[in-house]
Amino acid sequence: QYSPDSVAGADGEMDPTEVTFPGCPCRSSSCEAPECPCLRRGHNYSSLCLRLAEQQEQPFSRPVFECNSLCRCGEGCQNRLVQRGLQLRLQVFRTPRKGWGVRALEPIPRGRFVCEYAGEVLGFAEAQRRVQAQAPEEPNYIIAVREHLHDGRVMETFVDPTRVGNVGRFLNHSCEPNLFMVPVRVDSMVPKLALFAAADISAGEELSYDYSGRFHNFPGASREHKPLEEDNSLRKPCYCGSRTCASFLPWDSSLFSTP
C-alpha cells in the first residue's frame, strides 16, 4: 500500500500524525531565525536545501525542526520542506543485480530534500518480532535509526515499509552513497526520516544511501559491528560496486538478539 507519509504501526506504540509540539507565534509569511522558536531549535534550510556543515566544524549533528500545523506562519514558510513531500521526478527501475532501485529523472543539487523513508512506525518489540519472523532470503526493509542526545540518552525510531510505504523503500544501499538520512521533526518527537542529496546528482543517476548511518557521521557513530561467525548466514552481499565496497550490507544484530 503506497503512503507518502509514515503511519502508526500495528502495535500502536507511536502515532506519527499526532501533534504534540506547540506552534510558533510568527505572523510573517516565512519565519526567520532567531525570532522563530522552531528555527532556534536546530539546523535551518536555505533555498530549499539543508545547510550542510563540514564534519570538522562541529562534532555533532544539530536536529531539524520544521514549523507545524499549529504555527501561525503561512504554508509558504521556508521552514516547511520535508512535510511537503516528494517534489522531484524519480523513477523506480529494475537493476541488474540489486532488485529494484530508484534513479533521478532530473538534476538534484547538493543539500536538496529528495524523499522520505516512510512506512509503519514501530516500537522495539514489534520491530524485533518482525525481523525474527523473516527468512534469511527475504528482503528486510525495517530501518533502525538511533539518535544520541547530549545527555547520553539514545532515541530509537523503527520504520517498516514492507506493507505500507513510499518510494523510499526501493532505494539501495551504497558504500559511497549520494544521499544521507536526517531525522526531521514536524508535529512531534516522532521524526520523518528525510533523505537529502549529499552531492550534486545528475539526471539518470541511481540514488542510494548508506544503511549503516556512518555516512556524514563521525567514525564510530554507527552501531554496526563485526558479526559473530554464526551471524554470517544472515548477512546479505553488497553489490554497490563502489571502490570502498565492504562486500556485505551493513549489519546490526540488536533486533536479532534477546535482551
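The structure displayed is predicted, hence computed values, not measured ones. Per chain, the residues get numbers from 1 upward, laid out in the order the sequence is written. Only residues with pLDDT of at least 70 get local features here, since the model is predicted, and only at 80 or more are side-chain atom pairs given and counted; chain-wide, interface and lining totals rely on the full set of residues. Hydrogens and water are ignored here; the side-chain numbers use all heavy atoms of the structure.

Peer 1: What's the story with the environment of Glu138 in this structure? I'm lost.
Peer 2: Here Glu138 shows up in the loop between helix 2 (124-133) and strand 9 (143-148). Only protein chains enter the accessibility calculation, which uses a 1.4 Å probe. A residue is then buried if its area is under 20% of the maximum for its type, exposed if over 50%, and partly exposed in between. In this structure Glu138 comes out as partly exposed when scored by relative accessible area, which is 37%. When neighbours within four sequence positions are excluded, Glu138 is seen to be in contact with Ala133 and Lys236. What qualifies as a polar contact is a pair of N or O atoms within 3.5 Å, subject to a donor-acceptor requirement within protein and to the restriction that residues adjacent in sequence count only when both atoms come from side chains. At a separation of 2.7 Å, a polar atom in the side chain of Glu138 contacts the main-chain amide nitrogen of Ala135. Note on conventions: DSSP H or I runs of at least 4 residues are helices, E runs of at least 2 residues are strands, and numbering of each starts at the N terminus. Any two residues whose heavy atoms approach within 4.5 Å at even a single point are treated as in contact.

Peer 1: What should I look at first to understand the sheet that holds strand 1 (residues 7-8) in this one?
Peer 2: Within a sheet, each strand pairs with its neighbour through backbone hydrogen bonds, oriented either parallel or antiparallel. Note: two strands are recorded as paired if DSSP finds a minimum of 2 bridges between them. The strand order across the open sheet built from four strands is 1-8-10-9, with neighbouring strands paired in mixed fashion. Sheet topology places strand 1 and strand 9 at the edges, where each strand pairs with a single neighbour. Judged from the three bridges that link them, strand 8 (residues 120-122) and strand 10 (residues 154-160) form a sheet pairing that is antiparallel. Bridged to Leu122 within strand 10 is Phe158. Angles run from 0 to 180 degrees between N-to-C directions of axes, and those axes are lines fitted to C-alpha atoms, restricted for helices to the stretch in contact. Against the sheet, helix 2 contacts strand 8 and strand 10, and its axis sits at roughly 110° relative to strand 8.

Peer 1: Honestly, the pattern of salt bridges in this entry has me stumped. Any pointers?
Peer 2: Each reported salt bridge corresponds to a side-chain nitrogen of Lys or Arg within 4 Å of a carboxyl oxygen of Asp or Glu. Summed over all chains, the structure comprises twelve salt bridges. Across the salt bridge formed by Glu120 and Arg163, the nearest N and O atoms sit 3.9 Å from each other. Taken together, the positions of Glu120 in strand 8 and Arg163 in the loop between strand 10 and strand 11 (172-173) put the pair 43 residues apart, joining distant regions of the chain. Looking at Glu120, the relative accessible area reads 8%, which means it is buried. Arg146 is the partner of Glu156 in a salt bridge, and the nearest nitrogen-oxygen pair spans 2.9 Å. Of this pair, Glu156 sits in strand 10 while Arg146 sits in strand 9, and the two are ten residues apart along the sequence. Among the residues examined, Glu156 registers a relative accessible area of 35% and is labelled partly exposed. Salt bridges linked by common partners bring Glu120, Glu126, Arg129, Arg130, Asp160 and Arg163 together as one network.

Peer 1: Whenever I open this one, the sheet that holds strand 7 (residues 113-116) confuses me. Can you help?
Peer 2: Read from one edge to the other, the open sheet built from four strands follows the order 4-12-13-7, with strand pairing classed as mixed. The open sheet terminates on both sides in strands that have one partner only, identified here as strand 4 (64-65) and strand 7. Alignment of strand 4 against strand 12 (residues 179-185), held across two bridges, turns out to be parallel. Pairing of Val64 across the sheet is with Val184, part of strand 12.

Peer 1: What exactly am I supposed to notice about the packing of aromatic side chains here?
Peer 2: In summary, the pairing rule links any two rings of Phe, Tyr or Trp, Trp by its six-membered ring, whose centres are within 6.5 Å, and it sorts them by plane angle into stacked for under 30 degrees, edge-to-face for over 60 and tilted for everything else. On inspection of all chains with the given rule, the structure shows seven aromatic pairs. An aromatic cluster is built from Tyr45, Phe113, Phe180 and Phe196, whose rings are joined through pairwise contacts. Lysine NZ or arginine CZ positioned within 6 Å of the ring centre and within 35 degrees of the ring normal marks a charge as sitting over the ring. When the ring centre of Phe65 is taken as origin, the NZ or CZ atom of Arg41, which lies over that ring, is 5.2 Å away. Above the ring of Tyr141, the side-chain terminus of Arg169 is found at 4.1 Å from the ring centroid.

Peer 1: How should helix 2 be read in this particular structure?
Peer 2: Residues lying three or four places apart along an α-helix face the same way, a consequence of the helix completing one turn every 3.6 residues. Along helix 2, the positions that sit buried rather than exposed are Glu126, Ala127, Gln128, Arg130 and Val131. Against the buried residues of helix 2 lie strand 8 and strand 10.

Peer 1: What exactly am I supposed to notice about the nonpolar core here?
Peer 2: Side chains of a nonpolar character, in soluble globular proteins, are inclined to be buried together. In this structure, Leu90, Ile108, Val114, Leu171, Leu179 and Leu207 are the most contacted members of the largest nonpolar core, which totals 22 residues. With twelve residues, the next largest nonpolar core counts Tyr45, Leu50, Val184 and Ala198 among its residues. What is meant by a nonpolar core is a set of buried Ala, Val, Leu, Ile, Met, Phe, Trp, Tyr and Cys residues, joined one to another through side-chain atoms within 4.5 Å.

These values are about where atoms sit, not about what they do.
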